[in-house]
Amino acid sequence: MNLMPSLELPLVLTGRDVTAVLGPTNTGKTHLAIERMLAHQTGMIGLPLRLLAREVYHRVAERVGFANVALITGEEKINPPGARYAVCTVEAMPRQTDMDFVAIDEVQLANDLERGHIFTDRILHLRGRQETLLLGAATMRGILEKLLRGISVVTRPRLSNLTYAGPKKITRLPPRSAIVAFAAEEVYSIAELIRRQSGGAAVVMGALSPRTRNAQVDLYQSGDVDYLVATDAIGMGLNLDVDHVAFAQDRKFDGYQFRNLSPGEIGQVAGRAGRHLRDGTFGVTGQVSSFSEELVQRVESHAFDSVKILQWRTARFDYSSLDALKRSIDTPAPVEGLTRALPAVDQQALEYLSNDPDVAPLADTPERVALLWDACALPDYRKIAPAQHADIIASIYTDLADKGHVNENYMAEEVRRADSTDGDIDALSRRIAQIRTWTFVSHRPGWLADQAHWQEKTREIEDRLSDALHERLTKRFVDRRTSVLMRRLRENTMLEAEISPAGDVVVEGHHVGRLDGFRFTTDAQVDGTDAKAVKAAAQKALATEFENRAERFSASANGDFALGSDGTLRWIGAPVASVVSGEQALKPRAVLLADEQLTGPARDKVAARVDRFLAHHIDTILKPLVDLANADALVGITKGLAFQLVENFGVLQRRDVAEDVRGLDQDSRAALRRLGVRFGAYHVFLPALLKPAPAGLLTLLWALKEDAKDRPGYGDVVQVLSAGRTSVVTDPSFDPAFYRLGGYRLLGRRAVRIDILERLADLIRPALSWKPGIGLRPDGAYDGTRFVVTPSMMSILGATADDMEEILKSLGYRQEPVDAAIVAAKLVELDAAPMPAAAPQEVVTTVAETAPVEDMTSAVTEPTTAVEPVEPLAETQAVAEPVTEASEPAGEPTTLAPAIPEEAPKPIFLWRQARFDGRNNRGHQEKREHPRGQARNGQAEPRPARPERNENQQNERGERKEHFRGKGKPGGKERFKQDGKPADKPPIHAKRPEREERPVKIDMDSPFAKLLALKEQMKK
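Source: prediction; values computed, not measured. (Residues numbered from 1 in each chain as written. Predicted model: local features only at pLDDT ≥ 70, side-chain atom pairs only at ≥ 80, totals over all residues. Heavy atoms only, no water.)

1. A few points about the overall build of the protein chain
In terms of regular secondary structure, the protein chain is built from 36 helices and 34 strands. A burial count over the protein chain gives 48% of its 1020 residues as buried. Taking all contacts inside the protein chain whose residues are at least 6 apart in sequence as the whole, residues at least 24 apart take part in 68%. Surface exposure of the protein chain reaches about 48600 Å², of which carbon and sulfur atoms provide 51%. (Helix = DSSP H or I, 4+ residues; strand = E, 2+ residues; numbered from the N terminus. Buried < 20%, exposed > 50% of the residue type's maximum accessible area, 1.4 Å probe, protein only. Contact = heavy atoms within 4.5 Å. Areas by Shrake-Rupley, 256 points an atom, 1.4 Å probe, with all protein chains shown as cover.)

2. Things to note about unusual backbone geometry
With a phi angle near 55°, Glu106 is a residue other than glycine that sits in the positive phi range. Structurally, Glu106 is set in the loop between β6 (101-104) and α3 (116-125). Here Glu106 falls in the buried class, since its relative accessible area comes to 8%. The phi torsion at His302 lies on the positive side, around 60°, for a residue other than glycine. When you line up the elements, His302 lands in the loop between α8 (293-301) and β17 (310-312).

3. Points about the sheet that holds strand β28 (residues 678-679)
One open sheet holds the 3 strands; their spatial order is β27-β29-β28, and the pairing between them is antiparallel. Strands at the two margins of the open sheet, each flanked by one partner only, are β27 (651-653) and β28. Examined bridge by bridge, β28 and strand β29 (residues 683-685) share 2 bridges and lie antiparallel to one another. Note on β29: the bridge partner recorded for Phe679 is Val684. Running at roughly 110° to β27, helix α20 (residues 636-647) makes contact with β27, β28 and β29 of the sheet. (Pairing = 2+ DSSP bridges. Axes fitted to C-alpha atoms, helices over the stretch in contact; angles between N-to-C directions.)

4. Thoughts on the packing of helix α1 (residues 29-38) against helix α2 (residues 50-64)
With their axes 11 Å apart at the nearest point, α1 and α2 run at an angle of 35° to one another. As for the relative orientation of α1 and α2, their crossing is right-handed in sense. In this structure, α1 uses Thr30, His31, Ile34, Glu35, Met37 and Leu38 to contact α2, whose residues at the interface are Val56, Arg59, Val60, Arg63 and Val64. Split into classes, the residues belonging to the contact of α1 with α2 amount to 6 nonpolar, 2 polar and 3 charged. (Left-handed = near helix turned anticlockwise from the far one by under 90°. Nonpolar A, V, L, I, M, F, W, Y, C, P; charged D, E, K, R; others polar.)

5. Notes on the environment of Gly640
Locating Gly640 in the fold gives a position in helix α20. Since its relative accessible area comes to 30%, Gly640 is described here as partly exposed. In this structure, the C-alpha to C-alpha distance between Gly640 and Asp660, residues 20 residues apart in sequence, is 8.3 Å.

6. Details of α1
Buried residues dominate α1, accounting for 7 of its 10 residues. Of all the positions in α1, only Lys29, Thr30, Ala33, Ile34, Glu35, Met37 and Leu38 are classed as buried. Each element contacted by the buried residues of α1 is listed here: β1 (18-22), β2 (43-47), α2, β5 (85-89), β6 and β7 (131-136).

7. Quick notes on the side chain of Ser466
Of note, Ser466 is situated in helix α15 (residues 451-477). A polar contact is formed between the side chain of Ser466 and the backbone oxygen of Glu462, at a distance of 2.7 Å. Excluding residues within four positions of it along the chain, Ser466 makes contact with Ser209, Arg211, Thr212 and Ile432. (Polar contact = N/O pair within 3.5 Å; in protein donor to acceptor, adjacent residues only side chain to side chain.)

8. A short note on the confidence of the model for the protein chain
In this model, the protein chain carries a mean pLDDT of 78, and residues with pLDDT of at least 70 account for 77%. Segment residues 1-10: pLDDT under 50, and 18 contacts once partners within four positions in sequence are set aside and those in other chains are kept. Here residues 916-993 is a poorly scored stretch, pLDDT under 50, and it has 147 contacts once near neighbours within four places are set aside; other chains count. (pLDDT = per-residue confidence, 0-100.)

9. A word on the pattern of salt bridges
Under the counting rule described, the total for this entry stands at 44 salt bridges. For Arg298, the salt bridge goes to Asp305, with nearest N and O atoms at 2.8 Å. Arg298 sits in the buried class, given a relative accessible area of 18%. A relative accessible area of 57% means that Asp305 is categorised as exposed. Linking Arg514 and Asp516 is a salt bridge whose minimum nitrogen-to-oxygen distance equals 2.9 Å. (Salt bridge = Lys/Arg side-chain N within 4 Å of Asp/Glu carboxyl O.)

10. Observations regarding the nonpolar core
Grouped together as the largest cluster of nonpolar side chains are 71 residues, with contacts concentrated most on Leu622 and Leu672. The element best represented in this core is helix α23 (residues 692-706), accounting for 8 residues. The contact partners of Leu672, leaving out residues within four places of it in the chain, are Leu628, Leu634, Thr638, Leu641, Ala642, Leu664, Val677 and Phe679. Ala349, Leu372, Ala390 and Ile393 belong to the second largest nonpolar core, which has 63 residues in total. (Core = buried A, V, L, I, M, F, W, Y, C linked by side-chain atoms within 4.5 Å.)

11. Side note on the packing of aromatic side chains
For the structure shown, the criterion picks out 21 aromatic pairs. An aromatic cluster is built from Phe518, Phe546, Phe553, Phe561, Trp571 and Phe613, whose rings are joined through pairwise contacts. Lying over the aromatic face of Tyr188, Arg476 brings its terminal NZ or CZ to 5.4 Å of the ring centre. The cationic tip of Arg669 hangs over the ring face of Phe679; the distance from NZ or CZ to the ring centre is 5.4 Å. (Phe/Tyr/Trp six-rings, centres within 6.5 Å; stacked < 30°, edge-to-face > 60°. Lys NZ or Arg CZ within 6 Å of the ring centre and 35° of its normal.)

12. Concerning empty space enclosed by the protein
One pass over the structure, following the stated rule, counts 4 cavities of 30 Å³ or more. The space that makes up the second largest cavity amounts to roughly 50 Å³. Lining the second largest cavity are Phe649, Gly650, Val651, Leu686, Leu689, Leu690, Leu698, Arg740, Leu741 and Gly743. (1 Å grid on protein atoms, 1.4 Å probe; cavity = no way out; pocket = protein on both sides within 12 Å on 5 of 7 lines; lining within 4 Å. Points joined across faces, edges and corners; volume = space filled by probe spheres on them.)

13. Remarks on the sheet that holds β6
Pairing within the open sheet is mixed, and its 8 strands lie in the order β4-β3-β5-β2-β6-β7-β1-β8. With one partner strand each, in any of the chains shown, β4 (77-78) and β8 (152-155) form the two edges of the open sheet. Here α2 sits on the sheet and contacts β2, β3 (69-72), β4 and β5; the angle it forms with β3, its principal contact strand, is near 175°.

14. Observations concerning the pairing of strand β13 (residues 244-247)
Every second residue of β13 is oriented toward a common face, with His244 and Ala246 on one face and Val245 and Phe247 on the other, all of them buried. Of the pairings in the sheet, the one linking strand β10 (residues 177-180) to β13 comprises 4 bridges and is parallel in character. Residue pairing in the sheet places Ala178 in a bridge with Val245 of β13. Of the strand pairs in this sheet, β13 and strand β16 (residues 280-284) are connected by 4 bridges, and their pairing is parallel. Each bridged residue has a counterpart across the sheet, and for Phe247 the counterpart in β16 is Val284.

15. Details of the packing of helix α14 (residues 425-442) against α15
Contact geometry for α14 and α15: axes closest at 9 Å, N-to-C directions at 160°. Considered as vectors, α14 and α15 are oriented roughly antiparallel to each other. Between α14 and α15 the crossing geometry is left-handed. (Parallel < 35°, antiparallel > 145°, perpendicular 65-115°, else oblique.)

16. Looking at the pairing of strand β32 (residues 750-753)
Across the two faces of β32 the burial is the same, with Arg750 and Val752 and Ala751 and Arg753 all buried. In terms of strand pairing, strand β30 (residues 727-729) meets β32 through 3 bridges, oriented antiparallel. For Val728, the partnering residue across the bridge sits in β32 and is Ala751. Strand direction decides the pairing type here: strand β31 (residues 744-747) and β32, joined by 4 bridges, are antiparallel.

17. Notes on the side chain of Asp399
Looking at the element boundaries, Asp399 is found in helix α12 (residues 386-403). Despite its burial, Asp399 pairs with no opposite charge; the closest candidate is Lys403, at 4.3 Å N-O. Residue contacts for Asp399: discarding those within four places in its chain leaves Gly404, His405, Val406, Asn407 and Tyr410. (Lys, Arg positive; Asp, Glu negative; His and termini not counted.)

18. Considerations on the environment of Leu757
With respect to the helices, strands and loops of the structure, Leu757 is situated in helix α26 (residues 754-769). Between the C-alpha atoms of Leu757 and Ile807, which are 50 residues apart in sequence, the distance is 9.6 Å. The contact partners of Leu757, leaving out residues within four places of it in the chain, are Tyr682, His683, Arg745, Leu747, Val752, Ile807 and Leu811.

19. Looking at the environment of Gly713
Topologically, Gly713 is positioned in the loop between α23 and α24 (716-722). Overall, Gly713 belongs to the buried group, its relative accessible area being 6%. Measuring from C-alpha to C-alpha, the distance between Gly713 and Phe734 comes to 4.5 Å, with 21 residues separating the pair along the chain. Apart from the residues lying within four places of it in its own chain, the contact partners of Gly713 are Phe734 and Phe738.

Following this line, the structure appears as structure tokens:
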């Protein structure tokens, strides 16, 4: 393909459904991203460091199980089948995903000269289906709002204060300090000095393997050492208990030049001081001059220069040739705010290899050019010269191009060279960098013939080298290995306890338990003679923490709470209360999940906030039902009907309240409709409740009232509703009430959503209202009194013909089997009959009078569709077997005999309204009722009741009836006298006179006569 600059224009330059959570360090952004991700069914989070990805991976896996979480980095892939969440480095994130949630951390790195274009690409292109979070410094706000129009920006304040403590000598730095330098030699010399003066220090550098860095961080976190010497790698979200950050260097090499740290970079690293609500300090040490007053003020107030431009590189590569690929990589930035990134390691390697006479000729097809570019993505872990790094890539690519995979002997020799734990710190560091190269190769799909073997082999070697390096670092920079906690206990000194933002309770660096919400769970490993002292220190810390948490809890926004389907109320993921049944279904109670330490005013604040949220949550999600319950202006029958709706959670079968509905006047109906009530053909209901959130809450409230959370089917129907299913085959083991609460009605073996049933009524109504000769025949209409099931009826229900038979019978319709040939001939005759000019308007008027107002559009438009003469037969195929056409006239059996099928064709069912529903003649009463205001209000009365009578209404046989105002029944007794008073009525039980049988005239030339004759002959 040939790339044109215009192809770069379709960037994702929109911020719709994207939220940027910006702020300084220690604001809980990463914690928020984890909580938001776990609130979705699937999610992915991208992090800047493999070490940080490992930490977040373990946090997420501990919450949802390791089988549900994948860890994907360039060197490591843990991808369980069916994993719902993925924790990645940003480089390992795909450019597109179908995950519900996506988060990208430390987005300010999009301005980094070396890695920035990767972050920019993911910011512009990668989106979650439901939610996308961009986490980073507040300096990114302007550029994000410029590039992603419509983005939502949320700023979060720092949880603790950061103040400048001035210069201090290294030997006088306070405990729990981190000393920052940018050269390995400087890091080692500072750590050596601290070892001699203060006992020891942990070392953290980006060049260390993740396993070694984790071990060094644990050495510091456990309290074995009080000092940490590190590079700026600690500024990327690592959770460390640092009270003070001291800068031993303020210049760094950024991959291209030595330069001074920017105020934003200083603030990012200095922000590691302080944890959660504990304040922190920063300063300088060694040969670094004291920071200027302006710089100090900017760091303390987190006021840094906004990022004006992001590094960018195209992701649309032209693989037609090497030259085309290099030209596509150099594509200029398509929009303002982006700048083309400087050549990265992969581009430098490509430039070198494209001039290699042994490599360039191999890239002779687009596939091989793409393969070469893929090989150039090998990271330069060893930080060697570009030419040396390109030679390794050349060896790998040559094998891939010639053999399809890397030579096993070459791979074994390179791995063997790294497999040695001898030597000093530098030698081990070089071997770790070397083995990380081959770990990366082992995880590239298709690069190795035995990929699993080499993944296991390289991982095992890297782990051994990392452990050996940690041992060397500890031996060199730490003199004492005795636990600080045990030492303090032996000295009988006061123990210091703290609680991490994640709820971990730590006493002198020793984990003693976890605080979830307002409940403390002791670690099972805390036992023995020291357990009492450790727990006492923890309880002391908890007493203050409970008070502080109660304050934050009472001031929390509603978005910090979530009510689960199990009735557990969670605050930022932690359970704080359990919802139980109250006196009324819509007013449940909450029982706090809190320890005894939460007492007095603090407990009252928590309880009050829980009650406020619970009331707000129900009022918001179930607003139509709450409004109906609180509608004090309703009186009489209207109030009674509203009460029944509330008692039945917003759904009533119309036949059960037919008397009440018939007694409503226009004003009462209008009042109920304003409150969200819909009068359907089969139900009186609240359409707003037919959604997953209201249905789930209604199911929970009913289950609490009925103690039914353990019954089969609890929560399953809501999942069906969330999937958008209009009908579903019922599970006999489920409690039928769950279907009703989910907005479904049980009809035969299927449960159908009630709003879909009303749409079915809108299809049946015009089919029954139409009369032959007065307009175009609506879909499914037959003779004005019966109808046939159409594909559109089955489609909206997702039902088969057998299902439709059960559904219609359950709705009170009666079936009549009719020979398929007769039905086909009848439909052809009806569709071919000439129509008067005014007929379409008459049909529209009749349908409009009987259709509900809510569905008036469909009721008017559907019958006016023209139907070809042969279409009715095609429609009946969904409910009947094909019918063999009769091609010979009646009276010639010898010619017709060969055409007779061996098996008689199945009849077609014609459906009509049933008069009785089997409930004390109530169906007959409903059939005779005169609903009030139907034509005026457009409300459909319950099936099988008749529509409202009016002067233009048709009877069941398609005849015109005239009622009221002195207009008598044609050929019968007038119901009103001339003065307007009603005439005497005959006794109710008077026997009707028998009708005179009229002679039936049969036209022998009609198709019906021929079909009947054919049928008689077939019987013989």
